Amino acid sequence: SGAALRGCGGAAPGGGGGSETKKNGRSRGGKANNPPYLPPEAEDGNIEYKLKLVNPSQYRFEHLVTQMKWRLQEGRGEAVYQIGVEDNGLLVGLSEEEMRASLKTLRRMAEKVGADITVLREREVDYDSDVPRKITEVLVRKVPDNQQFLDLRVAVLGNVDSGKSTLLGVLTQGELDNGRGRARLNLFRHLHEIQSGRTSSISFEILGFNSKGEVVNYSDSRTAEEICESSSKMITFIDLAGHHKYLKTTIFGLTSYCPDFAMLVVSANTGIAGTTREHLGLAMALKVPFFIVISKVDLCSKATVERTVKQLERILKQPGCNKLPLLVNSDDDAVTAAQQFAQSPNITPIFTLSSVSGENLDLLKVFLNILPPLTNSKEQEELMQQLTEFQVDEIYTVPEVGTVVGGTLSSGICREGENLVVGPTDDGKFLRLKVCSIQRNRSACRVLRAGQAATLALGPFDRSLLRKGMVMVSPEMNPTICSVFEAEIVLLFHATTFRKGFQVTVHVGNVRQTAVVEKIHGKDKLRTGEKAVVCFRFIKHPEYLKIGAKLLFREGVTKGIGHVTDLQAITTKENGLEESLGPGQLSF
């Protein structure tokens, strides 16, 4: 639908655009540093340019509605309309009367598709006319039907005591902190965390936005179910540990929970200290787009905050990082940051805020509200058509429910009552099981789609047969498992030389196990910064791996990254079909 429109309307303005743009750029040069035109409109994606929408005919209106549906589908329930902009990106602007009529039409279109609209920002275009002309940017968000709210996962990184849990407490509880850590108490999962004030496990917190862009959280004593019901966009924060001794937990959180984005929290008064660089390196190695929050600005002077910002900017611009820092000081910056951050991975927005005084907290909320998903609907549809594969990250026993596993569905669709196989066990077998019920964000859910995180109840299945790092797949998949695999790695840091027989802890997705270096191809040892193809062998049991999966390994101060290049598969057929292990549990 987008193409037809552009066919007739897109060509004309492009011809005479050159001279107009120059004139426009010159006259606006002194007034604002915004470019005189935007990049040309893309066919796909969820951003639509509209010059004006004044009193369209019925046929045209239907056409516009169809186009809005397409844009919403591309953005998985979200679209941005720029009104007053030509298809080639030229900022023309509309008079107040035309803008009012255009917004009215847009509202009618949104009602027709069951969406809500919010004005993100307005800006004036300075032409040589006396009438002020404006451009308006509008967010269209669809009210979720059948539980399909947009779900973004944000991992929270940063040094110990940088204020990660407190910031999440303030965002999700809706109350400011008292300066002594009151806001974070609800996030802790263990007594020792409450006593020491340090996060040691991975906890999840949710923040919702309704279709009008308002925050829906635990204030007004809402339950998690109510938040899910009234939100059209959910942000799940994965609160990771900052302390060095919990680094393996943090790496596990980053590799297995597949976050869409990472939020690096830096304390304004300590600057870049402790594990900050390491966490920054982890996010870069796993290619997770990240933004930075400088917290505790109420504790120190402006000069100190500026020093921390400069320190961060210097690190981000280094050749290893190659990022473009973007300091967010206003709502306008936050809107720009959210859109550019999703389009180009090199941009790193920086927020300066306080969880105690609440300063600039709203800018972060504006940013999170507009932040678009990384995958478009087409990629997700392709994943959904593959066979079911669910990564097991957590295992619980729940009274009166039985064994429950938590994790992410990496491909396919999973329904209640479906029969799957789980494995590999210590001797490389897969066991049959049945999914009894599914919960997403603490509320029941019938169907789970690729890329979503959830917990699955397995009924009377024996918990001792399960461990983290297993996968649940559909029986016809015939999964490949291996004990020996090859990976192309880069050694990031090592005290001495890295040679055959060296033992490291390998992280691949949700798999975490010690492996021995069997062979280094073409070399007998590796030093810091060198690249090679290395053959690893798992020490304890075989694992389910995929070629191309990202790999991280560590041992004390030794660290390295890479990807799996080859597997020496143990086919499940070799194991033969075992006798029944118990009621309804056959193994392959």
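Shown above is the structure to which this text applies.
Quick look at the structure, then. (Residues numbered from 1 in each chain as written. Predicted model: local features only at pLDDT ≥ 70, side-chain atom pairs only at ≥ 80, totals over all residues. Heavy atoms only, no water.)

### Quick look at the pattern of salt bridges
Side-chain pairing between opposite charges can occur once the charged atoms of the two side chains come close. Tallied over the full model, the rule gives 19 salt bridges. Across the pair Glu-41 and Arg-71 runs a salt bridge, and its minimum N-O distance is 3.8 Å. Taken as a pair, Glu-41 in the loop between helix H3 (17-28) and strand S1 (47-50) and Arg-71 in helix H4 (residues 58-74) lie far apart in primary sequence, 30 residues in all. Taken individually, Glu-41 and Arg-71 each receive the classification buried, so the pair is uniform in this respect. Glu-122 is the salt-bridge partner of Lys-134, the closest N and O atoms lying 3.6 Å from each other. Of this pair, Lys-134 sits in strand S4 (residues 133-142) while Glu-122 sits in strand S3 (residues 115-125); the two residues are twelve residues apart in sequence, bridging distant segments of the chain. By relative accessible area, Glu-122 is classed as partly exposed at 44%. Connected through shared salt-bridge partners, Glu-41, Glu-48, Lys-50 and Arg-71 make up one network. (Salt bridge = Lys/Arg side-chain N within 4 Å of Asp/Glu carboxyl O. Helix = DSSP H or I, 4+ residues; strand = E, 2+ residues; numbered from the N terminus. Buried < 20%, exposed > 50% of the residue type's maximum accessible area, 1.4 Å probe, protein only.)

### Some points on the packing of aromatic side chains
Under the definition given, this model contains 13 aromatic pairs. On the basis of an interplanar angle of 85° and a centroid distance of 5.1 Å, the ring pair of Phe-204 and Tyr-257 is categorised as edge-to-face. Here the residue Phe-204 occupies a position in strand S6 (residues 203-209), and Tyr-257 occupies one in the loop between helix H9 (247-256) and strand S9 (261-267), the gap between them amounting to 53 residues. Taking relative accessible area as the criterion, Phe-204 reaches 28% and is therefore assigned partly exposed. Residue Tyr-257 is classed as buried on the basis of its relative accessible area of 5%. Centroid distance Phe-291 to Phe-341: 6.0 Å. Interplanar angle 85°. Geometry classified as edge-to-face. Residue Phe-291 is found in strand S10 (residues 290-295), and its partner Phe-341 is found in helix H12 (residues 331-343); the two are separated by 50 residues along the sequence. Taken as a pair, Phe-291 and Phe-341 share a single burial class, namely buried. The structure contains a cluster of three or more aromatic residues connected by ring pairs, namely Phe-485, Phe-498, Phe-502, Phe-536, Phe-538 and Phe-553. Taking the ring centre of Phe-61 as reference, the NZ or CZ of Arg-108 above it sits at 4.2 Å. (Phe/Tyr/Trp six-rings, centres within 6.5 Å; stacked < 30°, edge-to-face > 60°. Lys NZ or Arg CZ within 6 Å of the ring centre and 35° of its normal.)

### Overview of the sheet that holds S1
Strands sit in the order S1-S2-S4-S3 across an open sheet of four strands; the sheet is mixed. In this open sheet, the two edge strands, each paired with only one partner strand, are S1 and S3. Strand-to-strand, the axes of this sheet are offset by a mean angle of 20°, without reference to chain direction. With four bridges joining them, S1 and strand S2 (residues 78-83) adopt parallel strand pairing. Paired with Lys-50 across the strands is Ile-83, a residue of S2. Its contacts with the sheet put H4 on S1, S2, S3 and S4, and the angle it makes with S2 is roughly 130°. (Pairing = 2+ DSSP bridges. Axes fitted to C-alpha atoms, helices over the stretch in contact; angles between N-to-C directions. Contact = heavy atoms within 4.5 Å.)

### Comments concerning empty space enclosed by the protein
Under the definition given, this model contains one cavity of 30 Å³ or more. One number sums up the size of the largest cavity: a volume of about 30 Å³. Secondary-structure elements contributing two or more residues to the lining of the largest cavity are S3 and S4. (1 Å grid on protein atoms, 1.4 Å probe; cavity = no way out; pocket = protein on both sides within 12 Å on 5 of 7 lines; lining within 4 Å. Points joined across faces, edges and corners; volume = space filled by probe spheres on them.)

### Points about the sheet that holds strand S18 (residues 437-440)
Spatial strand order, S17-S16-S22-S13-S14-S21-S18-S19: eight strands in an open sheet with antiparallel pairing. Here the strands that pair on one side only, and so sit at the sheet edges, are strand S17 (431-434) and strand S19 (443-445). Here the average twist between neighbouring strands, direction ignored, is 40°. The pairing of strand S14 (residues 402-411) with strand S21 (residues 453-457) spans five bridges and is classified as antiparallel. Its bridge partner being in S21, Val-405 is matched across the sheet by Leu-456.

### Topic: the nonpolar core
Counting residues in each nonpolar core, the largest one holds 36 residues, and the members touching the most others are Phe-237, Met-263, Phe-291, Leu-364 and Phe-367. Taken together, the elements giving at least two residues each to this core come down to strand S5 (150-158), helix H6 (164-173), S6, strand S8 (233-239), S9, S10, H12 and helix H13 (361-370). Considering each element in turn, this core owes the most residues, six residues, to H13. In this structure, this core is formed jointly by two domains, domain 1 (47-142) and domain 2 (150-374), each of which donates at least three residues. Residues within four places of Phe-291 in sequence aside, it is in contact with Val-154, Phe-261, Ala-262, Met-263, Leu-264, Phe-341, Thr-348, Pro-349, Phe-351, Leu-364, Phe-367 and Leu-368. Residues Ile-202, Leu-240, Val-297 and Cys-300 belong to the second largest nonpolar core, which totals 33 residues. (Core = buried A, V, L, I, M, F, W, Y, C linked by side-chain atoms within 4.5 Å. Domains from an automatic or database assignment.)

### A few points about the side chain of Ser-232
Examined against the element boundaries, Ser-232 turns out to sit in the loop between helix H8 (224-230) and S8. Only 3.2 Å separates the side chain of Ser-232 from the backbone nitrogen of Ser-211, close enough to count as a polar contact. (Polar contact = N/O pair within 3.5 Å; in protein donor to acceptor, adjacent residues only side chain to side chain.)

### Concerning a nonpolar patch on the surface
Taken together, the side chains of Leu-185, Leu-191 and Ile-194 make up a nonpolar region of the molecular surface, amounting to roughly 280 Å² of accessible area. Tracing the chain through its elements places Ile-194 in helix H7 (residues 191-196). (Patch = residues over 30% accessible without salt bridge, like charges linked within 9 Å, V, L, I, M, F, W, Y side chains within 5 Å. Areas by Shrake-Rupley, 256 points an atom, 1.4 Å probe, with all protein chains shown as cover.)

### Describing the layout of surface pockets
Approximately 1,100 Å³ is the volume found for the second largest pocket. Looking at the second largest pocket, it is lined by 41 residues, and the ones nearest its centre are Ile-47, Thr-336, Gln-339, Gln-340 and Gln-343. Every element with two or more residues in the lining of the second largest pocket is listed here: S1, H4, S2, S3, S4, strand S11 (324-328) and H12. Tallied by class, residues from the lining of the second largest pocket come to 18 nonpolar, twelve polar and eleven charged. Viewed by domain, the lining of the second largest pocket spans two of them, domain 1 (47-142) and domain 2 (150-374), each represented by three or more residues. (Nonpolar A, V, L, I, M, F, W, Y, C, P; charged D, E, K, R; others polar.)

### What to know about the pairing of S8
S8 sits mainly inside the fold: seven of its seven residues count as buried. Burial along S8 is two-sided: the residues Lys-233, Ile-235, Phe-237 and Asp-239 and Met-234, Thr-236 and Ile-238 are all buried. Bridge count between S5 and S8: seven bridges; the pairing is parallel. By the bridge assignment for S8, Arg-153 is matched with Thr-236. Pairing between S6 and S8: seven bridges, direction antiparallel. Bridge pairing in S8 links Phe-209 to Lys-233.

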